[in-house]
Amino acid sequence: AQSVTQLGSHVSVSEGALVLLRCNYSSSVPPYLFWYVQYPNQGLQLLLKYTTGATLVKGINGFEAEFKKSETSFHLTKPSAHMSDAAEYFCAVSEGQAGTALIFGKGTTLSVSS
Amino acid sequence: KAGVTQTPRYLIKTRGQQVTLSCSPISGHRSVSWYQQTPGQGLQFLFEYFSETQRNKGNFPGRFSGRQFSNSRSEMNVSTLELGDSALYLCASSLSVLNEQFFGPGTRLTVL
């Protein structure tokens, strides 16, 4: 069965600092990987996704993630944090080769201080 | 284009009752998925429908059921509610399989 582990339930950074949110996955088939963001009292918004092709994926709001098969990782980064980035972030893997059933990690809450 | 809408946004029920939640996908989207979000278990996949057929189902008891109508709108039903069913229920729609899923704001269910 596929699974996702997000290291660190809470990450705090200063405004302008590098953001690094860690995600490791377990999958017996080539994975489809996603990062979502959730603001308070809202649904989830897709930041970026990896399906096939280029392993460095760029998303919205300056975020990017790199798929590393050898490390089974899909870490999310942003060079310079903004106050508006404070939210909860979820890494997810799609179960199986096709289908949209997503397996989510437990989430990482990002705090940004001025 | 309107986003995914979920009704109602908030709901309070008592143990033993049943509840029906509704989801209207983005126009043209034919796939609808449901997820349960709780502080303890996080986000868990409930089921997915495509063209009125259940394509995939998560590991939830039979008290949780769903359906999809010909206009792609979907409902999920929870019977014999338990305290542990208190959660945010999220609906997501997509054009088809492996397309980006767009999430609605969720229905917050509280079971007393």
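Before reading on, note that the structure itself is shown above.
Residues numbered from 1 in each chain as written. Chains lettered and ligands numbered in written order. Predicted model: local features only at pLDDT ≥ 70, side-chain atom pairs only at ≥ 80, totals over all residues. Heavy atoms only, no water.

Colleague: Can you help me understand the overall build of chain A in this one?
Modeller: Of the regular secondary structure elements, chain A holds zero helices and 11 strands. The helix and strand sequence of chain A, counted from the amino end, reads β-β-β-β-β-β-β-β-β-β-β. Here the C-alpha radius of gyration of chain A, 13 Å, is about what a compact globule of 114 residues would show, namely 13 Å. For the C-alpha atoms alone, the extent of chain A along its principal axes is close to 40 × 30 × 20 Å. Within chain A, the fraction of its 114 residues that count as buried is 45%. Contacts in chain A between residues at least 24 apart in sequence constitute 56% of all its contacts with a sequence separation of at least 6. When the accessible surface of chain A is summed, it comes to about 5,200 Å², and 52% of that surface belongs to carbon and sulfur atoms. Side chains of chain A carry 7 positive and 7 negative charges; the gap between the two charge centres is 5 Å. (Helix = DSSP H or I, 4+ residues; strand = E, 2+ residues; numbered from the N terminus. Rg over C-alpha atoms; globule rule 2.2 N^0.38 Å. Buried < 20%, exposed > 50% of the residue type's maximum accessible area, 1.4 Å probe, protein only. Contact = heavy atoms within 4.5 Å. Areas by Shrake-Rupley, 256 points an atom, 1.4 Å probe, with all protein chains shown as cover. Lys, Arg positive; Asp, Glu negative; His and termini not counted. Charge placed at Lys NZ, Arg CZ, Asp CG, Glu CD.)

Colleague: So what exactly am I meant to see when it comes to the packing of aromatic side chains here?
Modeller: Across all of its chains, the model carries 13 aromatic pairs over all chains by this definition. Taken together, a centroid distance of 5.6 Å and an interplanar angle of 50° make the contact between A:Phe63 and A:Tyr89 tilted. Of this pair, A:Phe63 sits in the loop between β6 (56-58) and β7 (64-68) while A:Tyr89 sits in strand β9 (residues 87-94); the two residues are 26 residues apart in sequence, bridging distant segments of the chain. Of the residues examined, A:Tyr89 reaches a relative accessible area of 0% and is grouped as buried. The interplanar angle of 65° and the centroid separation of 5.2 Å between the aromatic rings of B:Phe60 and B:Phe64 together place this pair among those described as edge-to-face. (Phe/Tyr/Trp six-rings, centres within 6.5 Å; stacked < 30°, edge-to-face > 60°.)

Colleague: How should the pairing of strand β9 (residues 87-94) of chain B be read in this particular structure?
Modeller: Side-chain positions along a regular strand alternate between the two faces of the sheet. All names here are of chain B. Most of β9 is tucked away: eight of the eight residues are buried. Side chains Ala87, Tyr89, Cys91 and Ser93 project from β9 onto one buried face, and the interleaved Leu88, Leu90, Ala92 and Ser94 project onto a second face that is buried too. As judged from the seven bridges shared by strand β4 (residues 31-38) and β9, these two strands associate in the antiparallel manner. Across the sheet, residue Ser31 finds its bridge partner in β9, namely Ser94. Alignment of β9 against strand β11 (residues 107-111), held across three bridges, turns out to be antiparallel. (Pairing = 2+ DSSP bridges.)

Colleague: Please explain the side chain of B:Ser31 as it appears in this structure.
Modeller: If you trace the backbone, B:Ser31 turns up in strand β4. Within polar-contact distance, the side chain of B:Ser31 engages the side chain of B:Glu48 at 3.1 Å. (Polar contact = N/O pair within 3.5 Å; in protein donor to acceptor, adjacent residues only side chain to side chain.)

Colleague: Can you help me understand the pattern of salt bridges in this one?
Modeller: If charged atoms from side chains of opposite charge come close, those side chains can pair. Residue and element names in this part refer to chain B. Counted according to the given criterion, the structure contains seven salt bridges over all chains. Note that Arg63 and Glu82 form a salt bridge whose closest N and O atoms lie 3.6 Å from each other. With Arg63 in the loop between β6 (53-57) and β7 (64-68) and Glu82 in the loop between β8 (74-78) and β9, the pair connects residues that are 19 residues apart, well separated along the chain. Between Arg67 and Glu75 there is a salt bridge whose closest N-O contact spans 3.3 Å. According to the relative accessible area criterion, Arg67 is partly exposed, its value standing at 48%. Each of the salt bridges in this network shares a partner with another, and the network as a whole consists of Arg63, Glu82 and Asp85. (Salt bridge = Lys/Arg side-chain N within 4 Å of Asp/Glu carboxyl O.)

Colleague: I tried to follow the interface of chain B and chain A on my own but got confused; where do I start?
Modeller: Interface size is commonly expressed as the accessible surface area that is lost when the partners come together. With 25 residues of chain B at the contact, the number on the chain A side is 19 residues. The junction of chain B with chain A conceals about 1,700 Å² of combined surface from both sides, 54% of it contributed by carbon and sulfur atoms. The interface formed by chain B and chain A includes zero salt bridges. Summed over the shared surface of chain B and chain A, the result is three residue pairs in polar contact (both at pLDDT 80 or more). Only β4, β5 (42-50), β6 and β9 of chain B provide two or more residues apiece to the side of chain B that touches chain A. For the side of chain B that touches chain A, the class distribution of residues is nine nonpolar, 12 polar and four charged. (Buried area = accessible area lost by both parts, 1.4 Å probe. Nonpolar A, V, L, I, M, F, W, Y, C, P; charged D, E, K, R; others polar.)

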